[in-house]
Amino acid sequence: MTTIAFFGHDAADAAVRRRVKAFQSDGLKVIGFMMHRREVAPEWENVDLGLTRDGAFIQRFRQIFSGARKAALEAERLKSADVLYARNLDMLACAFLAKRYAKLKTPVIYESLDVHRLLTRKDIIGKIFRGLEHALLKRSKGLVVSSPGFLKNHFDRHYAGDFKAYLVENRLPADSDMGPRPTPTSRNESGQDKLVIGWVGMLRCQRSLDLLCQLADTFPDRLEIRLHGIPARTEIPVFEPEIDKRLNMTFHGRFQSPEDLGRIYDGLDVVWAGDFMEAGFNSVWLLPNRIYEGGYYATPSIAPADTQTAAWIEQNKCGFVIDEPLEQSLPQLIKRLIDDRSDIRAYSAQLAALPEETFIQPQGFLRKVILSTLEGEVAV
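No experiment lies behind these values; they were computed from the predicted model shown. (Residues numbered from 1 in each chain as written. Predicted model: local features only at pLDDT ≥ 70, side-chain atom pairs only at ≥ 80, totals over all residues. Heavy atoms only, no water.)

**Re the packing of helix α7 (residues 206–218) against helix α13 (residues 326–339)**
Next, step 1: One way to put it is that α7 packs onto α13 with a least axis distance of 10 Å and a crossing angle of 45°. In terms of orientation, α7 lies oblique with respect to α13. In terms of crossing hand, the pair formed by α7 and α13 is right-handed. Between α7, through Arg207, Leu211, Gln214 and Leu215, and α13, the contact on the second element is made entirely by Leu326, Glu327, Leu330, Pro331 and Ile334. (Axes fitted to C-alpha atoms, helices over the stretch in contact; angles between N-to-C directions. Helix = DSSP H or I, 4+ residues; strand = E, 2+ residues; numbered from the N terminus. Parallel < 35°, antiparallel > 145°, perpendicular 65-115°, else oblique. Left-handed = near helix turned anticlockwise from the far one by under 90°. Contact = heavy atoms within 4.5 Å.)

**A word on the packing of aromatic side chains**
Next, step 1: Applying the stated criterion across every chain, the model contains 15 aromatic pairs.
Next, step 2: On the numbers, 5.5 Å between centres and 80° between planes, the contact of Phe6 with Tyr85 is edge-to-face. Of the two residues, Phe6 is situated in strand β1 (residues 3–8) and Tyr85 in strand β4 (residues 83–87); the sequence distance between them amounts to 79 residues. There is no split in this pair, since Phe6 and Tyr85 are both buried.
Next, step 3: Between Tyr292 and Trp312, the ring centres sit 5.6 Å apart and the planes meet at 65°, which makes this aromatic pair edge-to-face. Taken together, the residues span a long stretch of sequence, with Tyr292 in helix α11 (residues 289–296) and Trp312 in helix α12 (residues 308–316) at a distance of 20 residues. By the burial criterion, Tyr292 is buried, and Trp312 matches it.
Next, step 4: Taken together, Tyr110, Phe155, Tyr159 and Phe163 form an aromatic cluster joined through their ring pairs.
Next, step 5: Positioned over the ring face of Phe96 is Arg139, at 4.5 Å from the centre of the ring.
Next, step 6: Over the aromatic face of Phe276 sits the side chain of Arg207, whose NZ or CZ is 4.5 Å from the ring centroid. (Phe/Tyr/Trp six-rings, centres within 6.5 Å; stacked < 30°, edge-to-face > 60°. Buried < 20%, exposed > 50% of the residue type's maximum accessible area, 1.4 Å probe, protein only. Lys NZ or Arg CZ within 6 Å of the ring centre and 35° of its normal.)

**Thoughts on helix α14 (residues 342–353)**
Next, step 1: Spanning 12 residues, α14 covers 17 Å between terminal C-alpha atoms, matching the ideal 16 Å at 1.5 Å per step.
Next, step 2: Of the positions making up α14, those classed as buried are Ile344, Ser348, Leu351 and Ala352. The arc that holds every buried residue of α14, seen down its axis, measures 95°, which confines them to one face.
Next, step 3: Turning to α14, the residues buried within the fold contact β8 (195–203), β11 (270–272), α11, β13 (320–322) and α13. (Expected span 1.5 Å × (residues − 1). Arc of directions from axis to C-beta.)

**A few points about the environment of Glu74**
Next, step 1: Mapped onto the elements of the fold, Glu74 is located in the loop between α2 (57–73) and α3 (75–79).
Next, step 2: Using a relative accessible area of 29% as the deciding quantity, one classes Glu74 as partly exposed.
Next, step 3: Counting along the chain gives 132 residues from Glu74 to Gln206, while the straight-line C-alpha distance between them is 41 Å.
Next, step 4: Not counting the four nearest positions on each side in its chain, Glu74 is found in contact with Phe33 and Val47.

**Some details on the sheet that holds β1**
Next, step 1: Across the sheet, seven strands lie side by side as β3-β2-β1-β4-β5-β6-β7; this open sheet has parallel pairing. Strand pairing shows two members of the sheet lacking a second neighbour, β3 (46–51) and β7 (165–167), which therefore form its edges. On average, each strand axis in the sheet is inclined to that of its neighbour by 20°, with strand direction left out of account.
Next, step 2: Lying on the sheet, helix α6 (residues 148–159) is in contact with β5 (108–112), β6 (142–145) and β7; it crosses β6 at an angle near 120°. (Pairing = 2+ DSSP bridges.)

**Let's talk about the layout of surface pockets**
Next, step 1: In this structure, the second largest pocket encloses a volume near 210 Å³.
Next, step 2: Looking at the second largest pocket, the residues that line it are Pro148, Leu167, Glu169, Arg171, Leu287, Gln308, Ala311, Trp312, Gln315, Asn316, Glu357 and Thr358.
Next, step 3: Here the element with the most residues in the lining of the second largest pocket is α12; it accounts for five residues.
Next, step 4: Within the lining of the second largest pocket, the residues separate by chemical class into five nonpolar, four polar and three charged. (1 Å grid on protein atoms, 1.4 Å probe; cavity = no way out; pocket = protein on both sides within 12 Å on 5 of 7 lines; lining within 4 Å. Points joined across faces, edges and corners; volume = space filled by probe spheres on them. Nonpolar A, V, L, I, M, F, W, Y, C, P; charged D, E, K, R; others polar.)

**Let's talk about empty space enclosed by the protein**
Next, step 1: What the rule picks out here adds up to five cavities of 30 Å³ or more.
Next, step 2: Size it by volume and the largest cavity reaches roughly 80 Å³.
Next, step 3: Around the largest cavity, the lining residues are Ala15, Arg18, Arg19, Ala22, Arg87, Leu113, Asn170, Arg171, Leu172, Pro173, Asn289 and Gln361.
Next, step 4: Taken together, the residues that form the lining of the largest cavity break down as five nonpolar, three polar and four charged.
Next, step 5: Here the second largest cavity defines a volume of roughly 50 Å³.
Next, step 6: Along its surface, the second largest cavity is lined by Ala273, Gly274, Asp275, Ser283, Leu286, Pro304, Thr307 and Thr309.
Next, step 7: Partitioned by chemical class, the residues of the lining of the second largest cavity number three nonpolar, four polar and one charged.

**Overview of the packing of helix α4 (residues 89–101) against helix α5 (residues 124–139)**
Next, step 1: Orientation of α4 relative to α5, taken along the N-to-C sense of each, is 50°, at an axis distance of 11 Å. Classified by the angle their axes make, α4 and α5 are oblique. The two elements α4 and α5 cross, and the hand of that crossing is left-handed. For the pair α4 and α5, the contacting residues are Leu89, Leu92, Ala93 and Phe96 in the first and Phe129, Glu133, Leu136 and Arg139 in the second.

**A look at the sheet that holds strand β9 (residues 223–231)**
Two strands in a sheet stick together by hydrogen bonds in their backbones, pointing the same way (parallel) or opposite ways (antiparallel).
Next, step 1: One open sheet holds the six strands; their spatial order is β10-β9-β8-β11-β12-β13, and the pairing between them is parallel. Strands with a single pairing partner mark the edges of an open sheet, and in this sheet they are β10 (249–253) and β13. Strand after strand, the sheet turns through a mean of 25° between neighbouring axes, direction not considered.
Next, step 2: Pairing geometry for β11 and strand β12 (residues 301–304), over two bridges, is parallel. Counted as the bridge partner of Trp272 is Ile302 from β12.
Next, step 3: Against the sheet, α11 makes contact with β8, β11 and β12, and its axis sits at roughly 135° relative to β8, the strand it touches most.

Bear in mind that shape data such as this cannot, by itself, settle questions of function.
This is the structure we're talking about:
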């Protein structure tokens, strides 16, 4: 059995949990070497590399070194791995340091699911971080990205010819217990008299919250807004008070994926899929989990134009794309949907008709990526 030493930035992160489950589903053994940002008992064999905090870059930088030393102390477990798989740049540095401390020659795969804002800066700080990423990327066996936008706008632009890339979208794992998909004619609306829009996942964008609050104020009696997930306090310092003062907004908190997804998306008419945390860069290039989750349950998304998310929606003809200024175009769209839900029904039917593999990763896909990387084949 191929064994992966998975260097993860947060053992409590839902996306990390999802990736571990996907590896295991494909018959790969996973040993976690992971930081954590809240107390958690991982469901896999795990070496705890210490506590980190959101936005605390100096502390996280120090943890790279202390985490690498902790990993190296587990030399036997590190030596048992066929590959070191590192999620995000800080964990890539940690993996290479651990490899050095333990005197190993194990290949390393770099998984980049976000291009951090430090890597897009045009000043000396940006150059330093891109220099570090370039140096480690050249020594890596392969690069895994979740969106073609990251290749086009970052990796090909700065490091062309120095990596082998594999596209692994944020689809749900093959063995996810998602329940049955709606058929093109069976998807029900939310069942509410009001139109229901949801914001689901990592709630990390102040502008998105502001837009949703504006909608709540504009349509107090005809629109309901449901927020499910974890707010990023460093990005949205005032969260609950903004929701509590609006009767048609509700924050439901954390959820388990995939266990709770059916309940969440079945209660929504549309999903907000915009992101502006790193406007002009990562936010434009990414493909968020919510388009795959919502798509499986035939719940259409709304996304800003000229983004990778909008391109995905347009390619699949399955949702709503709106232009700037969103402060005008989003309320106009919502008013139209409140008055007439026929477009929601049409896009819902289109989502239900798409192949399941649009939203669910095929069984064996990740195993093929890992083995192809180790054998030096190029998948993208």
